[in-house]
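Close look at the chain arrangement
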Amino acid sequence: MPIATVNPANGETLKTYEAMDEEELERRLRLAEATFRTYRTTAFADRARLLNRAADLLDEDRAEIARVMTTEMGKPVRQARAEAAKCAKAMRWYAEHAPELLADERPTESDVKDSGASHALVRYRPLGPVLAVMPWNFPLWQVVRFAAPALMAGNVGLLKHASNVPQTALYLEDLFHRAGFSEGCFQTLLIGSGAVDEILRDERIKAATLTGSEPAGRAVASTAGEMVKKTVLELGGSDPFVVMPSADVDRAAEVAVTARVQNNGQSCIAAKRFIVHSDVYDRFTERFTEGMKALKVGDPLDEETQVGPLASEQGRADLEELVDDARRGGATVLCVGERPDGPGWYYPPTVLAGLGREMRIHREEAFGPVATLYRAADLDEAVLIANDSPFGLSSNVWTREAAEVDRFVRDLEAGGVYVNGMTASHPAFPFGGVKRSGYGRELSGHGIREFCNITTVWHGA
């Protein structure tokens, strides 16, 4: 795949880039290793000052970088501005909280005495250069939620971004450099996916994080396992959105539309499977379908657009195959909008019902504005349907019954359970999944400690 900006709204190639050669890659790896040796000793206050400066610069650049993101991958420009603001918020959060999240831990006095020590502690130390393999769908946020905690922990980062968002990738490198971080603290590698394996095998790379497809995750995990290197993987998702009879059904349907089509439906944590109790199924379906039909599809640079184009022509083709397979299998199409006239990789908001387990869309992730509806007779069946997926990233539950909430929290196979709201990430809460959605966690204290050497320090009596 060429490294290029191709506007998904019209298919026009705007910029192309040559992949870095081996000499340049070697220079950057040497620089990362050398920089880590000194950066790891810097004080939290110095790291925080630099990260806060990066947040300030990002706020200043918000409108400009939002247009770049929209042009590269098609998200509505208002959502792109919100993404940039969210990144600045996360930077400031980690700048403020990293010292307490990575503070030395002190065992109890009785445990210290029982171990035969005079005193002991647990210290979090940085690992070294971390390779980040990142996707195009949230081209700023996916990177910042790795980079902010990694830099505050004393690590340095090397970014291999998706090949269709090179301008955003280069902007991130420039942003951290303008903020005052030395060149080796954060570097963008303009390389194809085929170069990842060799870089990950390099002894100077100490760990890796990947957000992306399941095949990409398997490849990185396989190499990292062979090299005995730590990895964090955030892969696909097909999140359930469960609505029970006690819920505010109208509100649930309204939120469900946003939960499905955010980022043009191209989000791992977007709700994709809507599992509705029989008692409220008809009402929810009517409201939800009306909401999907009413969405404005069009130019993502238009402030009023709610759904823009998919990021690539292949992505649209993949989505069409899933929908066509479901139709052939007998699924009912409740809503399918019209594509806008003219060029671009648009796909209309679509609602399918009457799904069967043999349909591909029941097992595979639909990466675009396509929703699937399921009818559940009771709570037990709702849980059964929700868990009947190879993925387990997050989940949404709508109910006013405390006992039902407890049951869903206990039994849903997911990294998050969001009650009476849609899944959203926040720097204070751990983010990640189970099953084939990956392992490890980003964000919060759990995320910043993923790439730390958790060190026991013991002093004899």
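Please refer to the structure higher up on the page.
Residues numbered from 1 in each chain as written. Predicted model: local features only at pLDDT ≥ 70, side-chain atom pairs only at ≥ 80, totals over all residues. Heavy atoms only, no water.

**What about the pattern of salt bridges?**
This model, assessed by the stated rule, comprises 39 salt bridges. Between Asp-104 and Arg-123 there is a salt bridge, and its shortest N-O distance comes to 2.6 Å. Taken together, the residues span a long stretch of sequence, with Asp-104 in the loop between α3 (77-101) and α4 (109-114) and Arg-123 in strand β3 (residues 117-126) at a distance of 19 residues. Assessed through its relative accessible area of 38%, Arg-123 is described here as partly exposed. Across the salt bridge formed by Arg-145 and Glu-234, the nearest N and O atoms sit 2.6 Å from each other. One end of the pair, Arg-145, is in helix α5 (residues 141-153); the other, Glu-234, is in strand β8 (residues 230-234), and 89 residues separate them in sequence. On the basis of relative accessible area, Arg-145 is assigned to the buried category, the value being 3%. (Salt bridge = Lys/Arg side-chain N within 4 Å of Asp/Glu carboxyl O. Helix = DSSP H or I, 4+ residues; strand = E, 2+ residues; numbered from the N terminus. Buried < 20%, exposed > 50% of the residue type's maximum accessible area, 1.4 Å probe, protein only.)

**Here we look at helix α6 (residues 166-178)**
Its 13 residues give α6 an end-to-end C-alpha distance of 18 Å, which sits within 8% of 18 Å, the value for a rise of 1.5 Å per residue. For α6, the complete set of buried residues consists of Pro-166, Thr-168, Ala-169, Tyr-171, Leu-172, Glu-173, Leu-175 and Phe-176. Of the residues one or two after α6, Gly-180 is the one with positive phi, at around 115°. (Expected span 1.5 Å × (residues − 1).)

**What about helix α11 (residues 313-328)?**
With 16 residues, α11 extends 22 Å between its outermost C-alpha atoms, agreeing within 8% with the 22 Å of an ideal straight helix rising 1.5 Å per residue. All buried positions along α11 are accounted for by Arg-316, Leu-319, Leu-322, Val-323, Asp-325 and Ala-326. Where α11 is buried, its residues contact β12 (350-353), α12 (360-363) and β13 (370-376). A positive backbone phi angle near 105° is found at Gly-330, which sits one or two residues after α11. (Contact = heavy atoms within 4.5 Å.)

**Quick notes on the layout of surface pockets**
Approximately 1200 Å³ is the volume attributed to the largest pocket. Trp-136, Gly-212, Ser-213, Glu-214 and Ala-216 are the residues nearest the centre of the largest pocket, which is lined by 43 residues in total. Put simply, the parts of the chain that give the lining of the largest pocket at least two residues each are α7 (196-201), β7 (207-211), α8 (214-227) and α11. Here the lining of the largest pocket gets six residues from one element, more than from any other, and that element is α8. Within this model, the second largest pocket holds a volume of roughly 500 Å³. Lining of the second largest pocket is provided by 25 residues; of these, Gln-79, Lys-86, Phe-138, Gln-262 and Asn-263 occupy positions nearest its centre. Listing elements by their share of the lining of the second largest pocket, those giving two or more residues are α3, α5 and α9 (249-261). For the lining of the second largest pocket, the leading source of residues is α3, giving four residues. The residue inventory of the lining of the second largest pocket, partitioned by class, reads 10 nonpolar, 10 polar and five charged. (1 Å grid on protein atoms, 1.4 Å probe; cavity = no way out; pocket = protein on both sides within 12 Å on 5 of 7 lines; lining within 4 Å. Points joined across faces, edges and corners; volume = space filled by probe spheres on them. Nonpolar A, V, L, I, M, F, W, Y, C, P; charged D, E, K, R; others polar.)

**Overview of the nonpolar core**
One finds Leu-58, Met-91 and Leu-131 to be the most contacted residues of the largest nonpolar core, which totals 83 residues. Among the elements that line this core, the one with the most residues is α3, at 12 residues. In this structure, Leu-131 is in contact with Leu-158, Lys-160, Leu-189, Val-196, Ile-199, Leu-200, Ile-205, Ala-207, Ala-208 and Thr-209, ignoring residues within four places of it in sequence. By size, the runner-up hydrophobic cluster in this structure holds 27 residues, among which are Ala-253, Ala-259, Val-261 and Leu-295. (Core = buried A, V, L, I, M, F, W, Y, C linked by side-chain atoms within 4.5 Å.)

**Quick word on the side chain of Asn-7**
Here Asn-7 is to be found in strand β1 (residues 3-7). When near neighbours in sequence (up to four residues on either side) are disregarded, Asn-7 contacts Glu-12, Leu-14, Thr-71 and Trp-345.

**What about the packing of aromatic side chains?**
All chains considered together, the criterion is met by 11 aromatic pairs. With a centroid separation of 4.7 Å and 45° between ring planes, the pair formed by Phe-176 and Phe-186 is classed as tilted. Note that Phe-176 is positioned in helix α6 and Phe-186 in strand β6 (residues 186-188), a separation of 10 residues in sequence. An identical accessibility class is assigned to Phe-176 and Phe-186; each is buried. A connected cluster of aromatic rings, assembled from ring pairs, spans Phe-241, Phe-274, Phe-284, Phe-288 and Trp-398. Over the face of the ring belonging to Trp-141 we find Lys-86, whose NZ or CZ atom lies 4.6 Å from the ring centre. (Phe/Tyr/Trp six-rings, centres within 6.5 Å; stacked < 30°, edge-to-face > 60°. Lys NZ or Arg CZ within 6 Å of the ring centre and 35° of its normal.)

**Here we look at the sheet that holds strand β18 (residues 438-439)**
The sheet built from six strands is open, its strands ordered β6-β5-β4-β7-β8-β18 with mixed pairing. Both edges of this open sheet fall to β6 and β18, since each of them pairs with a single strand only. The pairing of strand β5 (residues 156-160) with β6 spans three bridges and is parallel. Opposite Leu-159, over in β6, you have Thr-188 as the bridge partner. Each of β4 (129-133), β5 and β6 touches helix α1 (residues 22-39); the most contacted strand, β5, lies at about 155° to it. (Pairing = 2+ DSSP bridges. Axes fitted to C-alpha atoms, helices over the stretch in contact; angles between N-to-C directions.)

**Quick look at the pairing of β13**
Here β13 lies mainly inside the structure; six of its seven residues are buried. The pairing of β12 with β13 spans three bridges and is classified as parallel. Residue pairing across strands places Val-351 opposite Ala-371, the latter belonging to β13.

**With respect to the side chain of Arg-47**
Structurally, Arg-47 is set in helix α2 (residues 44-73). One buried charged residue, Arg-47, remains without a salt bridge, the closest side chain of opposite sign being Asp-46 at 7.7 Å. Here Arg-40 takes part through its backbone oxygen, which lies 3.1 Å from a polar atom of the side chain of Arg-47. Among the polar contacts listed, one links the side chain of Arg-47 to the backbone oxygen of Met-152, at a separation of 2.8 Å. Setting aside residues no more than four positions away along its own chain, Arg-47 makes contact with Tyr-39, Arg-40, Thr-41, Thr-42, Leu-151, Met-152, Ala-153, Gly-154 and Phe-181. (Lys, Arg positive; Asp, Glu negative; His and termini not counted. Polar contact = N/O pair within 3.5 Å; in protein donor to acceptor, adjacent residues only side chain to side chain.)

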